[in-house]
Amino acid sequence: MSNTFSEDLFEAFCQECQIKWERVPASSQRTPDYELVFTGIRVIVEVKEILRNEQELESDRLLEERGVGLVTGGTPGGRVRLKIADSSGQIKARAKGKHPSMLVLFDSGRGHLDPYQIRVAMFGLEQLRLSVPPIGQGSPTGTGWRYGPKKKMTEDHNTSISAIAALIAVGPTRTILQVFHNPFASVPLSPDLLRIPDIEQFSIGPSDSVATGQWHSI
């Protein structure tokens, strides 16, 4: 079976960064794509590509035809959530609670892999808390933000995925990897393994009664 474009890009990135990788042999069951090999540690990796869906393709056609496309944003983080759901089982089967893992995503369209999209896919849509006074005594006021529904990463869900990574082509000859660590991972991915040029790493900050946790560079 031939590689996808995203797999070719990932292999070229690893080669450029001098990261040793091995392809996982195909089997009758779904398996992740790669293992990254570090001294004494193997990192399970699944590479998935976010393709333009029918609505986005129709928007592209209309944009070319009449100069105005469709609004195709969808639910924030929706495309990332689908990839998490699609890959968690095969990653878990290979990691076996012993190895860290990484779901690497490449967006062949645009806009699905910015840090906000990944954050709300992992931890839930942001909701504004409201304080509602008694009738006739004023208007509702916002008191802070919290993470709400559609979270994919919790203490009980998708703990076999140590990190979500965005593979981004920033130019014709340069690719970077943005790694967003999962604080609920049963086997965390050590940031020290990936302290390599062209790899950016982030951890999520704490949430409080006023604001949701945000990504911080590590």
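J.: Residues and numbers for the overall build of the protein, please.
T.: Assigned secondary structure in the protein consists of 4 helices and 10 strands. Reading the protein from its N terminus to its C terminus gives the helix and strand order α-β-β-β-α-α-β-α-β-β-β-β-β-β. By its C-alpha atoms, the protein is 65 × 50 × 35 Å across when sized along the principal axes. Buried positions account for 42% of the 218 residues belonging to the protein. With the model as given, the accessible surface of the protein reaches about 12,200 Å², and the carbon-plus-sulfur share is 53%. Separation of charge centres in the protein, based on 24 positive and 25 negative side chains, amounts to 6 Å.

J.: I'd like a description of the environment of Ile-196, backed by residues and values.
T.: Of note, Ile-196 is situated in the loop between strand 8 (174–181) and strand 9 (199–204). For Ile-196, a relative accessible area of 18% translates into the label buried.

J.: Report on helix 4 (residues 115–123), specifying residues and quantitative values.
T.: Along an α-helix, a turn takes 3.6 residues, which lines up residues three or four apart on a common side. For helix 4, the tally of buried residues reaches 7 of 9 residues, placing the bulk of the element in the interior. Regarding helix 4, the residues found buried are Gln-117, Ile-118, Arg-119, Val-120, Ala-121, Met-122 and Phe-123. Of the residues that open helix 4, the one with a side-chain oxygen 2.9 Å from the backbone nitrogen of Tyr-116 is Asp-114. Phi for Gly-124, located one or two positions after helix 4, is positive at around 115 degrees.

J.: How would you explain the nonpolar core if you had to name every residue and give the values?
T.: Counting 25 residues, the largest nonpolar core has Phe-10, Leu-36, Val-45, Met-102, Val-104, Leu-177 and Val-179 as the members making the most contacts within it. For this core, the elements supplying multiple residues, two or more each, are helix 1 (5–17), strand 2 (34–38), strand 3 (41–50), strand 4 (101–107), strand 7 (163–171) and strand 8. With 5 residues, the top contributor of residues to this core is helix 1. Here Val-179 is in contact with Met-102, Ala-163, Ile-164, Ala-165, Leu-189, Leu-194, Ile-199, Glu-200, Gln-201 and Phe-202, once residues within four sequence places are set aside. Listed in part, the 19 residues of the second largest apolar core include Ile-84, Ala-121, Phe-123 and Ala-166.

J.: Describe unusual backbone geometry, listing the residues and the values that go with them.
T.: Phi is positive for Gln-18, close to 60 degrees, though the residue is something other than glycine. Here Gln-18 shows up in the loop between helix 1 and strand 1 (20–23). By relative accessible area, Gln-18 is classed as exposed at 76%. Not every positive phi belongs to a glycine, and Asn-158 is a case in point at roughly 60 degrees. Asn-158 sits in the buried class, given a relative accessible area of 17%.

Criteria and cut-off values
- Residues numbered from 1 in each chain as written.
- Predicted model: local features only at pLDDT ≥ 70, side-chain atom pairs only at ≥ 80, totals over all residues.
- Heavy atoms only, no water.
- Helix = DSSP H or I, 4+ residues; strand = E, 2+ residues; numbered from the N terminus.
- Buried < 20%, exposed > 50% of the residue type's maximum accessible area, 1.4 Å probe, protein only.
- Areas by Shrake-Rupley, 256 points an atom, 1.4 Å probe, with all protein chains shown as cover.
- Lys, Arg positive; Asp, Glu negative; His and termini not counted.
- Charge placed at Lys NZ, Arg CZ, Asp CG, Glu CD.
- Polar contact = N/O pair within 3.5 Å; in protein donor to acceptor, adjacent residues only side chain to side chain.
- Core = buried A, V, L, I, M, F, W, Y, C linked by side-chain atoms within 4.5 Å.
- Contact = heavy atoms within 4.5 Å.

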